[in-house]
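# Structural description and commentary
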Amino acid sequence: MILRRAALALIAVAFSLTTVDAALSTLPAHAEGSEPTVSWAAVPADEEGPDGRRWVENVLDPGASKTEHLAVTNLGSDPVTFALKAADGYFTDTGRFTMLPSASTSVDAGTWIAVQDTVDVQPGETEVVAFTISVPEGAAPGDHPAGIAATVLARPAAGDPQGVGVEGRVGFRVLTRVTGDLTPALAVDDVIVRYEYSWNPFAPGQVSVEYTLRNEGNVALGVKDRVVSVSPGGDDPGETGSPELTEMFAGDERTIRSEVQDVWPLGPLTARVAVHPTALQGGEPVLEPATAEVTAWVFPWPQSAVVLIVAVTVVLVRLDMRRRRRVWAERIAEARALGRAESDAGTAG
């Protein structure tokens, strides 16, 4: 019983963080699994049915509204009543889009969406539900993310008051751009440079560059990361570019780490960060990159240790050779003195 409850708790957490970009999900209709499994999909649609969009994007004036549609498909074998919910959207730390869980209160675009509470869907059927996006008169210009989802709650088994209910959500993002002064702005801050020495003193190490990326504007941005490390002599020993980073909404910030290989520790080391943003909506041209530059001093300790060891070894060898030469010279001098003494003694006899 304890293990089952722990497993249900983990499932509940997982579903509370499930991305609503997903179009399909399955969930046991009962915590004990004694009832049929519910499988369903929820995607953007027009009045006729799914229209092929991954999510909904609109550009609206303050005070304007627009009607969109959600298609909910029951892929299971039993009729299901789905709850329909909208909430503010955001990106997780891993860059996945999701929306606030049911227990949280939306304060932005999630409150702009009006949709009926539930929809009944027969097995193998699809129901199209209209929802309305209404932008308040005083809405701030820029991008406002939300999500809409069809949900199912798997309740704990009867007689188990400590059981954990699991809410499964499937849906998509609803991004509304409010017209007005759009100010895309990406910033790079808090750059930290660390040098990691190679275990082999005759091989170069690597540079780790960590920094904070902030979307300080009011529009969503897609970004690519590029870090270049420059040696003291001005040569570029290498650069690294990450794959496409996750999108960022206004106010988002991420901590990014990049590594540059094959860098020698030769004193002042300059790390340059250049992040190239692109707008996600509206077709604007590529924006100017956000840049930062930091110089750190890196002393070649392993190489210096090798040089010191070699120098000490050379000195010790030379001192030993001098000592040996002196000993041999002394022994030769003693032998010569002994020979002369024996010669003098023979002459005297």
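Just above, that's the structure.
This write-up is about the structure you can find in this document. (Residues numbered from 1 in each chain as written. Predicted model: local features only at pLDDT ≥ 70, side-chain atom pairs only at ≥ 80, totals over all residues. Heavy atoms only, no water.)

### Concerning the overall build of the chain
- Helices and strands together make up the secondary structure of the chain, namely two helices and 18 strands.
- Within the chain, the proportion of its 349 residues that are buried is 39%.
- Partitioning the contacts of the chain with sequence separation of at least 6, the portion at a separation of at least 24 is 71%.
- Surface exposure of the chain reaches about 18900 Å², of which carbon and sulfur atoms provide 56%. (Helix = DSSP H or I, 4+ residues; strand = E, 2+ residues; numbered from the N terminus. Buried < 20%, exposed > 50% of the residue type's maximum accessible area, 1.4 Å probe, protein only. Contact = heavy atoms within 4.5 Å. Areas by Shrake-Rupley, 256 points an atom, 1.4 Å probe, with all protein chains shown as cover.)

### Observations regarding the pattern of salt bridges
- Under the defined criterion, the tally for this structure stands at 13 salt bridges.
- With a shortest N-O distance of 2.9 Å, Arg 53 and Asp 51 are connected by a salt bridge.
- When its relative accessible area of 29% is taken as the criterion, Asp 51 is described as partly exposed.
- Close ionic contact of Arg 53 with Glu 68 constitutes a salt bridge, the shortest N to O distance being 3.0 Å. Linking Arg 53 in the loop between strand 2 (37–45) and strand 3 (56–60) with Glu 68 in strand 4 (residues 65–74), this pair joins segments that are 15 residues apart in sequence. (Salt bridge = Lys/Arg side-chain N within 4 Å of Asp/Glu carboxyl O.)

### A few points about the sheet that holds strand 13 (residues 205–215)
- Read across the open sheet, the three strands follow the order 12-13-16; overall the sheet is antiparallel. Two strands lie at the open edges of the sheet, namely strand 12 (186–196) and strand 16 (253–263), each paired on one side alone. The mean inter-strand angle of the sheet, taken between neighbouring strand axes irrespective of direction, is 20°. (Pairing = 2+ DSSP bridges. Axes fitted to C-alpha atoms, helices over the stretch in contact; angles between N-to-C directions.)

### Focus: the packing of aromatic side chains
- What the rule picks out here adds up to five aromatic pairs.
- Aromatic side chains Phe 97 and Phe 249 sit 6.0 Å apart centroid to centroid with 80° between the ring planes, which places their arrangement in the edge-to-face category. Linking Phe 97 in strand 6 (residues 97–99) with Phe 249 in the loop between strand 15 (238–241) and strand 16, this pair joins segments that are 152 residues apart in sequence. The pair formed by Phe 97 and Phe 249 is uniform in burial state, with each residue classed as buried.
- Ring centres of Tyr 195 and Tyr 197 lie 4.9 Å apart, and the angle between their planes is 75°; this geometry places the pair in the edge-to-face category.
- Judged by its relative accessible area of 34%, Tyr 197 is partly exposed.
- A network of ring pairs unites the aromatic residues Phe 91, Phe 97 and Phe 249 as a single cluster.
- The side chain of Arg 173 reaches across the aromatic face of Phe 97, ending 4.9 Å from its centre. (Phe/Tyr/Trp six-rings, centres within 6.5 Å; stacked < 30°, edge-to-face > 60°. Lys NZ or Arg CZ within 6 Å of the ring centre and 35° of its normal.)

### Comments concerning the pairing of strand 2
- Of all the nine residues making up strand 2, seven are buried; the element is thus mostly covered by neighbouring parts of the structure.
- Note: strand 2 against strand 4, six bridges, orientation antiparallel. Looking at strand 4, one finds that Ala 42 is bridged to Val 72.

### Structural notes on unusual backbone geometry
- Residue Asp 190 is not a glycine yet carries a positive backbone phi of 55°.
- Within the element layout of this structure, Asp 190 appears in strand 12.

### Some words on the side chain of Asn 215
- With respect to the helices and strands, Asn 215 occurs in strand 13.
- At 3.2 Å, the side chain of Asn 215 forms a polar contact with the backbone nitrogen of Gly 217.
- A polar contact is formed between the side chain of Asn 215 and the backbone oxygen of Met 248, at a distance of 3.1 Å.
- If sequence neighbours within four positions are ignored, Asn 215 has contacts with Ala 185, Leu 186, Ala 220, Leu 221, Met 248, Phe 249, Ala 250, Gly 251 and Asp 252. (Polar contact = N/O pair within 3.5 Å; in protein donor to acceptor, adjacent residues only side chain to side chain.)

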